[in-house]
Structures are given as structure tokens and as C-alpha cells.
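Inside the fold
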Amino acid sequence: MNNVIVMGLCFSILLLFAGYFYFKQEVTKRRRAEMVLQQQTERERLVTQIAQHIRQSLDLDEVLATTVEEVQRFLQADRVLIYRLWEDGTGSAINETVLPNYPTILGQSFPEEVFPREYHQAYSLGKTLTIANIEQGEIEPCLVDFVKQFGVKAKLVVPILQENREVEADLSPDSFPNRTHLWGLLIAHQCSNFRKWQDWELELMTQLATQVAIAIQQSELYKQLQQLNAELEQRVQQRTQELANANTSLRAEITERQRIELELRHTNHKLQAL
């Protein structure tokens, strides 16, 4: 009888422990799900905020500055920058947010060797780069030494792509250049330690790079509109001046004709008198 009671107590204790561990696992799962949901909500809020900023502002520098600031704050990265690629293959950091402990890259220009042209095609097709340890990533040893001077230990790179307006009409869809143009790169650096980048961080950077591309296109269209308006205004002023000159010339011609007619009438009067 005592054995039965002891076994019953043991079974009850086991049930309590099982229930406790099950409850603990459920709480952990729920907290993890809540954290994921919160991160997703924050990501959507950030993307929406920058998208609204783009729609409300035509100042590209302001949009780019806001983007790097928000990405740096959200990812808790040590440095976030936008790297602009130029036609001659060189590049420069045109926007940057960096913690005070690390050197700034803003405004510095770099030769083509820093980002060789053979890499352009892959990034033009949407390639991204996530490196948790700069010494073990897919980077040439010379470039590893180069980025180390800026304290970089891990990096995340996504392309900023635009529609390629120079694609010939007879090019096949599989030919290069593709339908996209590599305008630049959105880059996050971790300098304090190595960092394994999460999938949602890469997704966020990709979404924001798309928003940056929209801002660039919007800014370029606005500049084109301003240029067209300036050209139109110049043409209107030129045409107005031409009309004014023609009007002045016409008035002078009318005045001269009236003078000649007056002289003719005066001459006729003399002839009639004679």
C-alpha cells in the first residue's frame, strides 16, 4: 500500500515537472514569437517611415542621411554608409553614420580596385554580401587589409539598383548590361566584434535599398523637370524678346511709312498748286 502511495506521489511530481517544463517552453515560444513579431512590426514601421519621407521630400541628401541614421540605430551597427559608384569605376562614401570610436569614411574617394568592375554584374543582378568575420569572408586579402584600417570586422552589403535607361531595344533579356544599373551600395559595418547577420537584417537592408533607389529616381526626375522648366522659361523669354523686337521694328516701319505718306501728300499739294 505504501509503495502504491509513493508511486502515486512520484507520478504526480513527474506530472508537475512535465507540466512546468511544458509551460516554460510555451512561455519561451510565446516570448520568442512576440519578439519576432515586434521586430517585424518595427521593420515595417521603419520602411514605411522612410517611404513617407521620400514621398514628402525631394531633397535626396536629406533622404539618404535619414536612411543611414535609421539603419544604424535599428541594427545597432557601428557604421552605416552609402557608397556611390561613379562612371569611371571609382567610388566614394556620400553618406555615413558612425559611432565616435571609429574612423569616418564620409567624403573619401576610392580607386576602382576597391570595388572592381567584375563585381558589378553580380551586384547588378541583386547579389548581396554578408560577412560575419572579415578574415574568413569572400574578400581578396588585399581588400581585407584595406577595410581593416577602418576597423571593420563584419559587414553587410546590398546593392542600390536603378532601371538601366541605356539598354538598347534589341538586346535580349539575358544579355548584359541587364535591365538594372548599379548606382551604389548600402553598407553596414560592425567594428567592435564579429557579427552573424540575421536574415531579417538582410531583408531590411534590401527593402531600404529599394526605397533609396526610388528616392534617387524621384530626385532625378525632379531635377529633369526643373531643367525642362528652366529651358521652357528661357525659350519663352527668348520668344518674348523676339516678339518685342519684331513689335519695335514694326512700329518703326509704320512710323516711317506714315512719314513718307505725309511727305507724299505734301508733295502732291505742291504739284496741284503749281
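Overview of the structure. (Residues numbered from 1 in each chain as written. Predicted model: local features only at pLDDT ≥ 70, side-chain atom pairs only at ≥ 80, totals over all residues. Heavy atoms only, no water.)

**Focus: helix α5 (residues 199-273)**
Here α5 contains 75 residues, and its C-alpha end-to-end distance of 110 Å stays within 8% of the 111 Å for a straight helix at 1.5 Å per residue. Listed as buried for α5 are W200, E201, L204, M205, L208, A209, Q211, V212, A213, A215, I216 and S219. (Helix = DSSP H or I, 4+ residues; strand = E, 2+ residues; numbered from the N terminus. Expected span 1.5 Å × (residues − 1). Buried < 20%, exposed > 50% of the residue type's maximum accessible area, 1.4 Å probe, protein only.)

**Re the side chain of S219**
Considering the arrangement of structural elements, one finds S219 in helix α5. Those residues in contact with S219 that sit more than four places away from it in its chain are L58 and L60. (Contact = heavy atoms within 4.5 Å.)

**Focus: a nonpolar patch on the surface**
A contiguous nonpolar surface patch, about 260 Å² in accessible area, is contributed by L58, Y222 and L225. Relative to the assigned elements, L225 resides in helix α5. By relative accessible area, L225 is classed as partly exposed at 45%. (Patch = residues over 30% accessible without salt bridge, like charges linked within 9 Å, V, L, I, M, F, W, Y side chains within 5 Å. Areas by Shrake-Rupley, 256 points an atom, 1.4 Å probe, with all protein chains shown as cover. Salt bridge = Lys/Arg side-chain N within 4 Å of Asp/Glu carboxyl O.)

**Section: the pairing of strand β5 (residues 154-163)**
Most of β5 is tucked away: 8 of the 10 residues are buried. Here strand β4 (residues 129-131) pairs with β5 via 3 bridges, running antiparallel. Across the sheet, the residue bridging to T130 is L156, located in β5. In this structure, β5 lies alongside strand β6 (residues 180-190), joined through 10 bridges in antiparallel fashion. Looking at β6, one finds that I160 is bridged to G184. (Pairing = 2+ DSSP bridges.)

**Comments concerning the nonpolar core**
Counting residues in each nonpolar core, the largest one holds 31 residues, and the members touching the most others are L75, I160, L186, M205 and L208. Contributing elements (two or more residues each) for this core: α1 (2-56), α2 (60-75), β1 (79-85), β5, β6 and α5. Top contributing element to this core by residue count: α5, with 9 residues. The residues touching L186, leaving out its near neighbours within four places in the chain, are V80, L81, I82, L156, V157, V158, I160, M205, L208 and A209. (Core = buried A, V, L, I, M, F, W, Y, C linked by side-chain atoms within 4.5 Å.)

**Description of the packing of aromatic side chains**
Tallied over the full model, the rule gives 7 aromatic pairs. Taking 6.1 Å as the distance between ring centres and 35° as the angle between the ring planes, the aromatic pair formed by Y83 and F110 counts as tilted. With Y83 in strand β1 and F110 in strand β3 (residues 109-110), this residue pair connects regions lying 27 residues apart in the sequence. Here the two residues Y83 and F110 agree in accessibility, since each one is buried. (Phe/Tyr/Trp six-rings, centres within 6.5 Å; stacked < 30°, edge-to-face > 60°.)

**Things to note about unusual backbone geometry**
The backbone of Q76 shows a phi angle near 55°, a positive value even though the residue is not glycine. Counting through the fold element by element, Q76 comes out in the loop between α2 and β1.

**A few points about α2**
Under the 1.5 Å per step criterion, the end-to-end length of α2 is 22 Å for 16 residues, consistent within 8% with the ideal 22 Å. N-capping of α2 is provided by D59, with a side-chain oxygen placed 3.2 Å from the backbone N of D61. Phi for Q76, located one or two positions after α2, is positive at around 55°. (Polar contact = N/O pair within 3.5 Å; in protein donor to acceptor, adjacent residues only side chain to side chain.)

**Description of the sheet that holds β3**
Ordered by their spatial adjacency, 6 strands build an open sheet running β3-β2-β1-β6-β5-β4, and the pairing between neighbours is antiparallel. Lying at the two open borders of the sheet, with one neighbouring strand each, are β3 and β4. Here 2 bridges tie strand β2 (residues 91-98) to β3, and the two strands are oriented antiparallel to one another. Bridge pairing in β3 places G91 opposite F110. The strands touched by α2 are β1, β2 and β6; relative to β2, the strand with the most contacts, the crossing angle is about 55°. (Axes fitted to C-alpha atoms, helices over the stretch in contact; angles between N-to-C directions.)

**Focus on the pattern of salt bridges**
Counted under the stated rule, the structure contains 9 salt bridges. For K148, the salt bridge is made with E135, and the minimal N-O distance between the two is 2.8 Å. With a gap of 13 residues between them, K148 in helix α4 (residues 141-148) and E135 in the loop between β4 and α4 connect regions that are remote in the sequence. Overall, K148 belongs to the partly exposed group, its relative accessible area being 37%. Note on E135: relative accessible area 52%, which makes it exposed. With a closest N to O distance of 2.3 Å, R259 and E256 form a salt bridge. In this pair, R259 and E256 are both assigned in helix α5, 3 residues apart and thus about one turn of the helix distant. For R259, a relative accessible area of 38% corresponds to the partly exposed category.

**What to know about the pairing of β6**
Both faces of the sheet carry side chains from a regular strand, because those side chains alternate between them. Counting buried residues in β6 gives 9 out of 11 residues, a clear majority hidden from the surface. One ladder, built from 6 bridges, connects β1 with β6; its direction is antiparallel. In the strand pairing of β6, L81 is matched with I187.

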